[in-house]
Amino acid sequence: VTSLRDHSFHLDSPGHVSNNCLCHMNNHPPLLLSIPGNIIGSGIFVSPKGVMENASSVGLALIVWIVTGIITAIGALCYAELGVTIPKSGGDYSYVKDIFGGLAGFLRLWIAVLVIYPTNQAVIALTFSNYVLQPLFPTCFPPENGLRLLAAVCLLLLTWVNCSSVRWATRVQDIFTAGKLLALALIIIMGIVQICKGEYYWLEPAHAFEPFQEYDVGLIALAFLQGSFAYGGWNFLNYVTEELVDPYVNLPRAIFISIPLVTFVYVFANIAYVTAMSPQELLASNAVAVTFGEKLLGVMSWIMPISVALSTFGGVNGSLFTSSRLFFAGAREGHLPSLLAMIHVKRCTPIPALLFTCLSTLLMLCTSDMYTLINYVGFINYLFYGVTVAGQIVLRIKAPDMHRPIRISLVWPVIYLLFWAFLLIFSLYSEPIVCGLGMAIMLTGVPVYFLGVYWDNKPECFNNFVGTMTYLGQRFCVVVYPGETKGAKEAGSGEEGKELKESQAPLSQDDGETQKSADC
């Protein structure tokens, strides 16, 4: 793994591809809604069972959802300071690399590429197949092979859509977001109706904290991991900081609006679940929202699985759509082959990155146990969240005079790190194999870093081999590395140069001042 930029093609002609294919975000309401749009996905339809199972009572499960929302808000505040202090796209990868050095940054990238993105997408795809197939198997669980096959079909279809057109991908996302909103609105409204009818047995303090199994601190830590999966995506804007307009204002504003909103939705959705189901019924279901709909919606119960299936289908699409930014940030720093950051010469789609993510996700579908996968990815995610927040404290000590447009009290990162230490220690105690496997995979990146990145004087035969593989990959996928501005300079001041400069203008300007290609 090395920087292959010297071996890649730059199309410095009217067909030149600029970085601006990765579009800038305007200061509009969609920006403020982008965090809840990225957080709310399959998690709220799959995690309630995992949280309840490990929390051991309804009351403690609701506390887990509330505390996870608070901790998420604290983490988001810490990331907001880092995001405007180190204004680079790439999120915690960029922060860890700049604060702790290339090896730490590479390990973050390594585990994200090999574990986090593929596992997240596998869980969402399996949730989709569960909600599609569960109504067809009302008296039993769907067959595991059927779940895997449908999840793989979903993944392959959406990979093709994302490879074909950025516009298609964004339209799929817009259309299928409606399914998510419909399902959650129905759940919360029906829950309120149930409470008004007096159906709140499991919400009364005398029954809410009645355990159906013995409380265990290790299981409680796993409950927080399961809940944190549903809050995943809260740091989305940190991955596109360079594309934000006025991030000093919009980043904290988006956090203050979105995290409380998401916490409210999640807590009330779980309250709604227990107004219609006992804890035992909830734990017996692999598709909680389907069981909820069957109990309350009668002949209209088909609305729930369709809505959730639409939501999770859009979730897989959104994960594929955003993963390319991390690949681009890694390749720009020389930590990934530049082929993985290249985009199609006409469609502006990151085909190599999408194909790599698709293949690694298909490998994760070897198991259909979503809750094991969630523990697996949750542990690794929290490990690096803590390292990143610790980096905030380190940066305060190493560079106290650095310009910080947003500066929060160090009490908040300390609180986050205390919770982080509790979560990791007891999660490792409860699931040593699953969590240990994640750490082992992360450590395999150490020799890869020293051989592929740190070692500068590689043999000529190795460099030739890498160059040949990059060339073949580019020819196969018809992709180029997004060029900088030199294409515009070399194109001159003629008509072609004028068109090229227009195509590279920032997309954050007014609509009348810019022009995008049909697919970008």
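Presented here is a report on the structure given in the accompanying data block. From a predicted model like this one, the values you see are computed outputs, not experimental measurements.

1. Quick look at the overall build of the protein
Moving on, step 1. What the protein contains, in helices and strands, is 21 helices and two strands.
Moving on, step 2. Within the span of the protein, comprising 520 residues, buried residues form 57% of the whole.
Moving on, step 3. Accessible surface for the protein amounts to roughly 21500 Å². Of this, 66% is attributable to carbon and sulfur atoms.

2. Considering the side chain of R404
Moving on, step 1. Locating R404 in the fold gives a position in the loop between α15 (370-398) and α16 (411-430).
Moving on, step 2. Accessibility expressed as a relative area gives 9% for R404, which makes it buried.
Moving on, step 3. At 3.1 Å, the side chain of R404 forms a polar contact with the backbone oxygen of L395.
Moving on, step 4. Side-chain polar atoms of R404 contact the backbone oxygen of P400, separated by 3.5 Å.
Moving on, step 5. Residues within four places of R404 in sequence aside, it is in contact with E81, T85, L395, R396 and A399.

3. Comments concerning the packing of helix α17 (residues 432-443) against helix α18 (residues 445-454)
To describe two helices that pack against each other, one gives the angle between their axes and the distance between the axes.
Moving on, step 1. Interaxial distance between α17 and α18 falls to 5 Å at its minimum, and their mutual angle equals 10°. Viewed along their axes, α17 and α18 adopt a mutual orientation that is roughly parallel. Counting all contacts with α17, which are made through I441, M442 and L443, the residues of α18 involved are G445, V446 and P447.
Moving on, step 2. Of the residues contributing to the contact of α17 with α18, the split by class is five nonpolar, one polar and no charged.

4. Details of the packing of helix α10 (residues 247-276) against helix α12 (residues 288-296)
Moving on, step 1. For the pair α10 and α12, interaxial distance at closest approach is 10 Å and the crossing angle is 50°. Comparing their axes, α12 and α10 come out oblique. Considering only the axes of α10 and α12, their crossing is left-handed. In this structure, α10 contributes A272, Y273 and A276 to the contact, and α12 contributes V288, A289, F292, K295 and L296.
Moving on, step 2. Split into classes, the residues belonging to the contact of α10 with α12 amount to seven nonpolar, no polar and one charged.

5. Observations concerning the environment of C140
Moving on, step 1. The residue C140 is located in the loop between α5 (102-133) and α6 (144-164) in this model.
Moving on, step 2. Counting along the chain gives 145 residues from C140 to S285, while the straight-line C-alpha distance between them is 9.5 Å.

6. What to know about helix α3 (residues 58-85)
Each full turn of the α-helix corresponds to 3.6 residues, which orients residues three or four apart in the same direction.
Moving on, step 1. Its 28 residues place the ends of α3 41 Å apart at the C-alpha level, agreeing with the 40 Å of an ideal helix rising 1.5 Å per residue.
Moving on, step 2. With 23 of 28 residues buried, α3 is to be regarded as a mostly interior element.
Moving on, step 3. Its side-chain oxygen at 3.3 Å from the backbone nitrogen of L60, S57 defines the N-terminal cap of α3.

7. Some words on unusual backbone geometry
Trans is the prevailing form of peptide bonds, just as negative phi is the prevailing case for residues other than glycine.
Moving on, step 1. Despite not being glycine, S56 has its phi angle at roughly 80°, a positive value.
Moving on, step 2. Of note, S56 is situated in the loop between α2 (43-55) and α3.
Moving on, step 3. A positive phi is found at V478, a non-glycine position, where the angle reads about 55°.
Moving on, step 4. Residue classification places V478 among the partly exposed residues on the basis of a relative accessible area of 39%.

8. Considering α6
Moving on, step 1. Over its 21 residues, α6 extends 30 Å from the first C-alpha to the last, a length consistent with the 30 Å expected when each residue adds 1.5 Å.
Moving on, step 2. Looking at α6, one finds that the buried residues are L147, A151, A152, C154, L155, L158, T159, V161, N162, C163 and S164.

9. Some thoughts on the pattern of salt bridges
Moving on, step 1. Using the criterion set out here, one finds six salt bridges in the structure.
Moving on, step 2. The closest approach of N and O atoms between E144 and R148, which form a salt bridge, is 3.3 Å. Of this pair, E144 and R148 both sit in helix α6, four residues apart, which is roughly one turn of the helix.
Moving on, step 3. Judged by relative accessible area, E144 falls into the partly exposed class, the value being 46%.

10. A closer look at the environment of Q121
Moving on, step 1. By secondary structure assignment, the location of Q121 is in helix α5.
Moving on, step 2. Distance in space between the C-alpha atoms of Q121 and G318 is 9.5 Å, their sequence separation being 197 residues.
Moving on, step 3. Among all residues touching Q121, those that are not within four sequence positions of it are V316, S319, L320, T357 and T361.

About the thresholds
- Residues numbered from 1 in each chain as written.
- Predicted model: local features only at pLDDT ≥ 70, side-chain atom pairs only at ≥ 80, totals over all residues.
- Heavy atoms only, no water.
- Helix = DSSP H or I, 4+ residues; strand = E, 2+ residues; numbered from the N terminus.
- Buried < 20%, exposed > 50% of the residue type's maximum accessible area, 1.4 Å probe, protein only.
- Areas by Shrake-Rupley, 256 points an atom, 1.4 Å probe, with all protein chains shown as cover.
- Polar contact = N/O pair within 3.5 Å; in protein donor to acceptor, adjacent residues only side chain to side chain.
- Contact = heavy atoms within 4.5 Å.
- Axes fitted to C-alpha atoms, helices over the stretch in contact; angles between N-to-C directions.
- Parallel < 35°, antiparallel > 145°, perpendicular 65-115°, else oblique.
- Nonpolar A, V, L, I, M, F, W, Y, C, P; charged D, E, K, R; others polar.
- Left-handed = near helix turned anticlockwise from the far one by under 90°.
- Expected span 1.5 Å × (residues − 1).
- Salt bridge = Lys/Arg side-chain N within 4 Å of Asp/Glu carboxyl O.

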